[in-house]
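Take a look at the letters that make up each chain.
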Amino acid sequence: MDYLKGLNEAQYEAVTALEGPLMVLAGAGSGKTRVLTMRIAHLITNLVDPFNILALTFTNKAAKEMKIRIAKVVGDSEARSLWMGTFHSVFARILRSEAHFLGFPSNFTIYDSQDSLNVIRKVLKELNIDADLYKPKKVQARISNYKNNLITVKAYFNNPELIEADERANMKQIGLIYQKYVDVCFRNGAMDFDDLLLKTNELLTRFPEILAKYQDRFRYILVDEYQDTNHSQYLIVKALASKFENICVVGDDAQSIYSFRGANILNILNFKKDYPDAKTVSLEQNYRSTQNIVNAANVVISKNVQQFKKNVFSENEKGEKIKVYRSLSDADEANFVASNIWEMHNSAQRKFTDFAILYRTNSQTRAFEDALRRKNIPYRVYGGLSFYQRKEVKDLIAYLRLLVNENDSEALTRIINYPARGIGETTQNKLIVFADSQNISVTQVLDNLGFYAPRMSLNNGILTKLSDFWSMIKAFQVMLKTENVYSVTMEVAKRSGLIKFLKDDQTPEGISRVENVQELMNSMQGFLEEQIQLDDGDASLSNFLENIALSADTQTDKNDDDTDKVSLMTIHLSKGLEFPIVHLVGLEENLFPSFMSSSTREEVEEERRLFYVALTRAEKQAFFTYAISRFQWGKITDAEPSRFLSEVDAQYLEFINPAIESRFVNHSGITSNIFDDLPSEPRFYKKKEEKKTLQRDEPVAIPQNLKPVATARIINPSGNSSQDIEVGDKVRHDRFGVGEVIFLDGTDAQNIKAKVKFQHEGMKNLILKFAKLTKI
DNA sequence: AGGCTCCGGGTTTTT
DNA sequence: CCCGGAGCCT
């Protein structure tokens, strides 16, 4: 039992206490994944059939990671027969085989958020409800919330409190929308993400024999990131575990970062109540990070009121202080990070894979991509707009979805006239109205077109088009019975006209769309090969679709994984990962913490936990950056440093902006690469002419947090000649005309910012390298 | 029918 | 900035 060696006392106990309920409180970097992995290995060594083990994770990334690690210990074949995956994927799989109990087809479609939003929009339209009052996103969030708390439509209407609450919120039609939404999904044979959990609950409560079957099957249950379970997930786990109570949950309340999607931190806080006999093990030694990093993270998280007492410590080297860089703009920030990585790569012999850039929102990626690309630093962006969410990919997938489940009207409307084949809106509306009037589905109408056509006032031309379209779909379906998914998809792409349509567009975007479709074909081929190799592989189209519906992270580029690249991702995605050197960027109020989550204490605490997660990803070194102005939402916005920065005790920090004077010393050295990066057009003045909300005589206030600069160097728009300007100088700007320099500020020469009061345009904040001012 | 442009609105995190 | 929708032109 080699694998037990090298575990500390607490870890050993967590790994070897196989029977009965167990809660492992695992601080960041305390070897949580290791414990889970070893525990599973230990179970198998102790002759538990892998078939009886269920391991649940939150993200595909975590599941994948753990699968690999377990396979290393117990071998591939053993690893393969245990059930491990995200809640959603595991229960989707169970629902497939039991769907008929719930009246769903086993080939039900899984709607992603986008699909479900589309359905909500349609429902609103159909019910004639003003989408301005009922913002689809808001409606969606509310419905999701109900589902995650097991409030079905029926339960909703039986609960006066809920109805009242919605009335008070001016949302009294929510119930109706909810009902209609559920109806449409049912008719379409579709489940959304929340349904996968809700319906599982329904299955387990309504059918005791099914519950018994899975209880017997999953004798040992492990749940990772238990602090992130929502009520629905909690109940499933509880139901499944109630027979044997061999349940091991692992989590860290300090890392609960998913309450926005219903995660309930009480699930972990109350574990002892649910299982009074439960053992608790705390893993407090952090093996990942330096003392400095662990201590800094601890100081910040201690500001949270709601938490377990824990003492996470590190016995690693003390380590360097966290370096803080204050930048002038998002571009400046990105350049700093890129240069920093480049430098450390060269001088400190760091591989690019040692670096991660972590940010709060996906929209922050672009600046970093630009900066890294310019320096030829290889990188990989995780998450973001999933490959499978791209329009051209979704279009092709819609065809495939329709083949598998022809009741999927979302898929049908998406492609019935795409590429254009003369079945326009008018015709589609006729079909829908007629189908509704006959109380049948559009699919049924299409199936019996000859029979219904006379009653629909469609001309012969349209009729032919409709029947051509539908026989094409039917032909694909027939093909699916004998041919593999890859060839069918190829045929679909060709015969539907999709490929040709995309290829006709020779713009760069068009070409990339074709490539994306090609990439989808590749990933399908990969899927096919993989499934064929497995003993119990399932190479069906339906399985393929399920896989992609439940995988947000796009692992499409498979030969990509072993190359040396910098990782870019949101903090949420980074959970569970570790990197020698972490850049945590965009540390500004309203960005992190997000302006959406700064109003209540609970919200800020979750943001703080997010900060904690981010910082504890770092092994050796962390960098914090923030910008004092940021190009956001189409314009430049001022920003203040994040409160979290000031919450980190200064003893752990080192501010590394060059002193103001020193930047003039090496001025010439820097200039060479500063202006190379200039966009040909100053991007933030585009199309800003009309909306003038300028206060012409705004009092001149010097921002308190800025350090004034005496002079700065500008480049004349005409050419390369440069001149110094200082406060009080009169300057001319291409668009804004003549003005007076009120204030100069900057930390490094490439990003001096100026406040200029223009005669007609009022006060403007300009970044000199973009503004192209002339001194007059 | 279909393609285009203009306009307005919304911008967090993931399954 | 990015999206989707409405309305206009072909």
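Residues numbered from 1 in each chain as written. Chains lettered and ligands numbered in written order. Predicted model: local features only at pLDDT ≥ 70, side-chain atom pairs only at ≥ 80, totals over all residues. Heavy atoms only, no water.

What follows concerns the environment of L222. Within the fold, L222 resides in strand β6 (residues 220-223). Taking the C-alpha atoms as reference, L222 lies 6.2 Å from L54; in sequence the two are 168 residues apart. (Helix = DSSP H or I, 4+ residues; strand = E, 2+ residues; numbered from the N terminus.)

Overall, the prediction assigns chain A a mean pLDDT of 82, with 85% of residues at 70 or greater. Counting contacts from residues 554-559, a segment whose pLDDT is below 50, to residues more than four positions away or on other chains yields 11 contacts. (pLDDT = per-residue confidence, 0-100. Contact = heavy atoms within 4.5 Å.)

Before going further, it helps to spend a moment on helix α17 (residues 330-347). Along an α-helix, residues three or four apart share an orientation, since each turn contains 3.6 residues. Spanning 18 residues, α17 covers 26 Å between terminal C-alpha atoms, matching the ideal 26 Å at 1.5 Å per step. Those residues of α17 not exposed but buried are D330, A331, D332, E333, A334, N335, F336, V337, A338, N340, I341 and M344. Just past α17, the residue Q349 takes up positive phi, approximately 60°. (Expected span 1.5 Å × (residues − 1). Buried < 20%, exposed > 50% of the residue type's maximum accessible area, 1.4 Å probe, protein only.)

This paragraph deals with the packing of α17 against helix α18 (residues 365-374). The contact between α17 and α18 brings their axes to 8 Å, and the two run at 45°. In terms of orientation, α17 and α18 fall into the oblique class. Crossing of α17 against α18: the hand is right-handed. Listed contacts from α18 to D330, E333, A334, N335, V337 and A338 of α17 are A367, F368, A371, L372 and R374. (Axes fitted to C-alpha atoms, helices over the stretch in contact; angles between N-to-C directions. Parallel < 35°, antiparallel > 145°, perpendicular 65-115°, else oblique. Left-handed = near helix turned anticlockwise from the far one by under 90°.)

Further remarks concern the domain arrangement of chain A. For chain A, the domain assignment lists domain 1 (9-100 + 199-283), domain 2 (109-188), domain 3 (314-386 + 555-655), domain 4 (389-539) and domain 5 (729-775). Measuring from the centre of the C-alpha atoms in domain 2 to the corresponding centre in domain 3 gives 37 Å. (Domains from an automatic or database assignment.)

Okay, the sheet that holds strand β13 (residues 379-381) next. Taken in spatial order, the seven strands of this open sheet run β13-β14-β12-β15-β16-β11-β19, and their pairing is parallel. Sheet topology places β13 and β19 (653-655) at the edges, where each strand pairs with a single neighbour. Each strand of the sheet is rotated relative to its neighbour by a mean of 25°, with strand direction disregarded. Across four bridges, the pairing between strand β12 (residues 355-359) and strand β14 (residues 566-570) is parallel. In the sheet register, Y359 faces β14, and the bridge partner there is T570. Docked against the sheet, helix α30 (residues 601-615) engages β11 (322-327), β12, β15 (579-584) and β16 (618-627), running at close to 130° with respect to β16. (Pairing = 2+ DSSP bridges.)

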